[in-house]
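The chain contents come next:
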Amino acid sequence: MNEKETGELRRQLRPDRHAIARVFGCYVNENKEIISTFEQPMGLLTEEEGEQYLTLLKKVLSGGIGRNLIDIEFSTRQVADSDEHRLLMKLRSTKLADEATRMELYQKIIPTVALESHYLILMAYNAYDVPFKSKTDVMERDSDQDSQVYSYVLCSICPVKKTKPGLGYDHEERSFRMEKGEWLVSPPQLGFLFPAFDDRSTNLYNALFYTKDMKEGHDEFIEAVFHTKAPKPAAEQKQDFEAILSTSLEEECSLEVVQTVHDQLCNRIAAHKESKVAQPLMIERAEVEEVLENCGISEEHLAKFNVAFDSEFGSNQPVSPQNLIDSRKFEVKTPNVTIRVASDASELVQTRVIDGVKYIMIRADETVEVNGVPVEIQS
């Protein structure tokens, strides 16, 4: 799935657009014990309550593709005959109405979720009458081609935290008094969509997994629900890429080389964003190798880089450049000093060796402040 497709689904999860008849939930404590289960007709909720449920469900479709939103791919064998795919299909075909099927999913999820607080497993079934999209990107519902209905299940796993007791205003008494803490639902930490909405149509071979924290891979959850290997988290991919550059390039891993790699990847990310291409940007190892080669890296170290890259990310496997670098900043760190500059200004930082001493130099042509105080640099 891409950002346009997730955005299209999010826009349908509005009070005046969705087709969700009921929401279903399982409330679990920190000991992995079920406190209660429920099903709630949306039509009996207040407008504010309904919007809150939609917000919790919609959050599972937010974030960056390949970072917070991970494509889960089923094998042909799984789709043809597997317990995990059969369960997801039954949840969808019954519109979540079968209690035993819901409980089967709850029992798969609960042992894999490690939250310090209580949490809510919230689910909903929705059907979206997908309008035909003309060549001019105009939605047309009166077209003969407008016949597809995309039906799907959303699952959102939300921490439920107790607020601290404190002073609260009592309108009847017109005074402040101590109020007990309340159990409130927080935004989801993880969740999923099944089936995927690829090319604006149903794809039973994929699901979309959501994680709030890009450092968390939720391997156990993905294994239990989808019975497939969890993709490497975005934060781990970044750490691995940094380690590959350091260990494979060795003494040739200079600030200028890392700076060039960072700038080149940032440029590609920016160009892709400006092009407004729907598909996520992916690059192959050969593209990074070319950048390193242009930096003058020796053949010996290029060969080491290629082996290390393929070992970590797979041979001929494309990766998202946004998972390899932080495109928002450029950072230089020593044990005592950390320097952060905007990605498009990394050329301001250089290294020098003066009288045998190594220095990090920052060009300071504009205003310089120290602890908020503008200072002058004496010549």
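For the structure, see preceding data.
Here we summarise the structure given alongside this text.

Thresholds, definitions, all that
- Position numbers for residues count from 1 along each chain, tracking the sequence in the order it is written.
- Residues qualify for local features only when their pLDDT is at least 70, as the model is predicted, and side-chain atom pairs are given and counted only at 80 or more; totals for whole chains, interfaces and linings, by contrast, use all residues.
- Note: side-chain values were computed over all heavy atoms of the structure, leaving out hydrogens and water.
- Only runs of H or I of at least four residues qualify as helices and only runs of E of at least two qualify as strands under DSSP, and these elements are numbered from the N terminus.
- A contact between two residues is defined here by any heavy atoms of the two lying within 4.5 Å.
- Charge assignment: positive for Lys and Arg, negative for Asp and Glu; neither His nor the chain ends contribute.
- Where a charge sits is defined by one atom per residue type, namely NZ (Lys), CZ (Arg), CG (Asp) or CD (Glu).
- Any residue with relative accessible area above 30% and no salt bridge may belong to a patch, with like charges joined within 9 Å and the nonpolar Val, Leu, Ile, Met, Phe, Trp and Tyr side chains within 5 Å.
- Note on areas: these come from Shrake-Rupley sampling with a 1.4 Å probe, and a residue is covered only by the protein chains present in the view.
- We define a salt bridge as a contact between a side-chain nitrogen of Lys or Arg and a carboxyl oxygen of Asp or Glu at a distance within 4 Å.
- For every residue, the accessible area obtained with a 1.4 Å probe (protein chains only) is divided by the maximum for its type, and the residue is called buried under 20%, exposed over 50%, and partly exposed between those limits.
- In protein, a polar contact requires one atom able to donate a hydrogen and another able to accept it; more generally it is a pair of N or O atoms within 3.5 Å, and residues adjacent in sequence count only if both atoms are side-chain atoms.
- For two strands to be treated as a pair, DSSP must find no fewer than two bridges joining them.
- For this analysis, a ring pair means two rings from Phe, Tyr or Trp (six-membered ring only for Trp) whose centres lie within 6.5 Å, classed as stacked if their planes differ by under 30 degrees, edge-to-face if by over 60, and tilted for the remaining angles.
- Ring-over charges, as used throughout, are those where CZ of Arg or NZ of Lys falls within 6 Å of the ring centre and within 35 degrees of the ring normal.
- Take the residue count of a helix, subtract one, and multiply by 1.5 Å to get its expected span.
- Put simply, buried Ala, Val, Leu, Ile, Met, Phe, Trp, Tyr and Cys residues joined by side-chain atoms within 4.5 Å make one nonpolar core.
- Helix axes are fitted only over the stretch in contact, all axes being lines through C-alpha atoms; the angle between N-to-C directions runs from 0 to 180 degrees.
- Roughly parallel refers to an angle under 35 degrees, roughly antiparallel to one over 145, roughly perpendicular to one between 65 and 115, and oblique to any angle outside these ranges.
- In this scheme the crossing of two helices becomes right-handed for a clockwise turn of the near helix relative to the far one and left-handed for an anticlockwise turn of less than a right angle.
- Amino acid classes used here: Ala, Val, Leu, Ile, Met, Phe, Trp, Tyr, Cys and Pro are nonpolar; Asp, Glu, Lys and Arg are charged; the rest, including Gly, are polar.
- Count a disulfide wherever a pair of cysteine sulfur atoms falls within 2.5 Å.

For the rest of this paragraph, the subject is the overall build of the protein chain. In terms of regular secondary structure, the protein chain is built from ten helices and 20 strands. Within the protein chain, residue pairs in contact and separated by at least 24 positions form 63% of the contacts whose partners lie at least 6 positions apart. The protein chain carries 44 positive and 65 negative side-chain charges, and their two centres are separated by 4 Å.

A grouping of Leu167, Tyr169, Phe176 and Met178 is seen on the molecular surface, where their side chains present a nonpolar patch of about 500 Å² in accessible area. Elements supplying a minimum of two residues to the nonpolar patch: strand S8 (166-170) and strand S9 (175-179). Summarising the element assignment, Met178 is placed in strand S9. For Met178, a relative accessible area of 56% corresponds to the exposed category.

A word on the side chain of Thr6. Among the structural elements, Thr6 can be located in helix H1 (residues 3-12). Engagement of the side chain of Thr6 in a polar contact is seen with the backbone oxygen of Glu3, the distance being 3.0 Å. Excluding anything up to four places from it in sequence, Thr6 contacts Met1, Leu61, Ile65, Leu69 and Leu208.

The next point concerns the environment of Lys32. Among the secondary structure elements, Lys32 is positioned in the loop between strand S1 (22-28) and strand S2 (34-41). A relative accessible area of 37% means that Lys32 is categorised as partly exposed. Note: C-alpha distance between Lys32 and Glu179 (147 residues apart in sequence) is 28 Å. Contact partners of Lys32, with chain neighbours within four places excluded, come to Ile110, Pro111, Val113 and Ala114.

Here we take up the pairing of strand S4 (residues 118-130). Buried residues dominate S4, accounting for eleven of its 13 residues. Taken together, the six bridges between S1 and S4 define a ladder with antiparallel strand orientation. Note that in S4 the partner of Val28 across the bridge is Tyr119. Pairing between S4 and strand S7 (residues 148-162): 13 bridges, direction antiparallel. Bridge assignment links Tyr128 to a residue of S7, and that residue is Tyr150.

Take the packing of aromatic side chains next. The description of an aromatic ring pair uses the distance of the two centres, along with the angle that the planes make with each other. Scanning the model with the defined rule gives 13 aromatic pairs in all. For the pair Phe209 and Phe221, a centre-to-centre distance of 5.7 Å together with 40 degrees between the ring planes defines the contact as tilted. Here Phe221 lies in helix H6 (residues 219-226) and Phe209 lies in strand S14 (residues 206-211), a separation of twelve residues in the sequence. Its relative accessible area of 1% is what places Phe209 among the buried residues. Residue Phe221 is classed as buried on the basis of its relative accessible area, which comes to 1%. Through a chain of ring-to-ring contacts, the aromatic side chains of Phe74, Phe192, Phe194, Phe209, Phe221 and Phe226 assemble into a single cluster. Sitting over the face of the ring of Phe313, Lys232 holds its NZ or CZ atom 5.4 Å from the ring centroid.

Below, the discussion takes up helix H8 (residues 255-275). Here H8 spans 30 Å end to end across 21 residues, near enough to the 30 Å set by a 1.5 Å rise per residue. Considered for burial, the residues of H8 that qualify are Leu255, Val257, Gln259, Val261, His262, Leu265, Cys266 and Ile269. In this fold, the buried residues of H8 make contact with helix H7 (234-249), helix H9 (285-294), strand S15 (329-333) and strand S17 (349-354). After H8 finishes, the residue Lys276 shows a positive phi value of roughly 60 degrees.

In this structure, Ile109, Ile121, Ile157, Phe192, Phe221 and Phe226 are the most contacted members of the largest nonpolar core, which totals 32 residues. The residues contacting Ile121, other than those within four sequence positions of it, are Phe24, Gly25, Cys26, Val28, Tyr106, Ile109, Ile110, Cys155, Ser156 and Ile157. In terms of nonpolar packing, the next biggest core, distinct from the first, is built from 31 residues, Leu13, Met42, Ala124 and Tyr150 among them.

We now examine the packing of H8 against H9. At a closest axis distance of 10 Å, the pairing of H8 and H9 adopts a crossing angle of 135 degrees. Relative to H9, the element H8 lies oblique. Classified by chirality, the crossing of H9 by H8 is right-handed. Across from Val257, Thr260, Val261, Gln264 and Arg268 in H8, the residues of H9 making contact are Glu287, Val291 and Leu292. Across the contact of H8 with H9, the residue classes break down as four nonpolar, two polar and two charged.

Moving on: the side chain of Ser343. Mapped onto the elements, Ser343 comes out in the loop between strand S16 (338-342) and S17. Excluding residues within four positions of it along the chain, Ser343 makes contact with His262, Asp263, Cys266, Asp326, Ser327, Arg328, Lys329 and Phe330.

With that out of the way, let us pick up the state of the cysteines. The full count for this structure, using the stated rule, is zero disulfides. In this model Cys26 remains outside any disulfide bridge; the closest cysteine sulfur is found in Cys155, 10.0 Å from its own. Cys295 takes part in no disulfide bond, and the closest cysteine sulfur, belonging to Cys253, lies 10 Å away. Judged by relative accessible area, Cys295 falls into the partly exposed class, the value being 28%.

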